[in-house]
Amino acid sequence: MGITERKEKQKLEIRKMILDASMKLFMEQGFENVSIRKIADLIEYSPTTVYLYFKDKNEILFNLHEMGFQKMAEYNADLWTIKNPLIRLAKMGEYYIRFGLENPAFYELMFILKAPMEALEALDANCEWKSGDLALGKLKETIKECMDKGLIEKGDVDAVAMSIWSMVHGMVALAIRDRFDKLVPKDQMVAMMQRGLTWQLNSLEISDNKT
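Everything numeric in this text was worked out from a predicted model, so none of it was measured. (Residues numbered from 1 in each chain as written. Predicted model: local features only at pLDDT ≥ 70, side-chain atom pairs only at ≥ 80, totals over all residues. Heavy atoms only, no water.)

(A) Fine view of unusual backbone geometry. Positioned with a positive phi, Glu44 is a non-glycine residue whose angle comes to about 60 degrees. With respect to the element layout, Glu44 can be found in the loop between α2 (36–43) and α3 (47–53). Judged by relative accessible area, which is 73%, Glu44 ranks as exposed. Of note, the phi angle at Asp178 is positive, near 55 degrees, even though the residue is not glycine. The topology assignment puts Asp178 in the loop between α9 (157–176) and α10 (189–204). (Helix = DSSP H or I, 4+ residues; strand = E, 2+ residues; numbered from the N terminus. Buried < 20%, exposed > 50% of the residue type's maximum accessible area, 1.4 Å probe, protein only.)

(B) Structural context of the side chain of Asn103. The topology assignment puts Asn103 in the loop between α5 (85–102) and α6 (104–111). For Asn103, a relative accessible area of 13% translates into the label buried. At 3.0 Å, the side chain of Asn103 and the side chain of Tyr75 are in polar contact. Once residues lying within four places of it in the same chain are set aside, the contact partners of Asn103 are Lys71 and Tyr75. (Polar contact = N/O pair within 3.5 Å; in protein donor to acceptor, adjacent residues only side chain to side chain. Contact = heavy atoms within 4.5 Å.)

(C) Spotlight on the nonpolar core. Counting residues in hydrophobic clusters, the biggest one holds 59 residues, and the most contacted among them are Ile18, Ile39, Ile60, Ile143 and Met193. If one sorts the elements of this core by residue count, α9 sits on top with nine residues. (Core = buried A, V, L, I, M, F, W, Y, C linked by side-chain atoms within 4.5 Å.)

(D) Summary view of the environment of Phe31. Among the secondary structure elements, Phe31 is positioned in the loop between α1 (3–29) and α2. Expressed as a C-alpha distance, the spacing of Phe31 and Leu109, which sit 78 residues apart in the sequence, is 10.0 Å. Once residues lying within four places of it in the same chain are set aside, the contact partners of Phe31 are Phe26, Lys57, Asn58, Leu61 and Ala115.

This is how it looks when you write it as structure tokens:
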């Protein structure tokens, strides 16, 4: 490995250290209570070093937010090979639940904490939530395809998307905040969530398509 390659590798390693430390502090102390100095202290570098990689906390938060959506995309990698949109819709919900349960810190950052949306607004006057809009767009496309093929009742695509997303989001949010133990033992939680998702999709399915 040459000098240039070593320098590039070191830069990537420091950048990852900054992001990992920032995620840890944001989750433990809250976005507002974390400073660039605290991040620098945790990785044992100077604040100046952190500023070489990110202009401020908002940019760090935005990068973590985007990393979360990249991770989610990995869970969904095989979705678009599923031809039946109703099966794809069910898998979409299943993968969403699995992503949230396996990546609770990223899930909170992407869908629960308010700070990332405020950071987006600070970075972009138009406040575009591009990654979130892309994921939501895929959900709406699949719902519309189900409707067009007569697999689920026709209706307002946005309203149906909001209903499905709200349900799986609510289940994941309750689970990662340890609220489901009031309803079901922990070892039965995922199965219960899957049954809830199946029930909702069955309620949308046209009677002739039900087995």
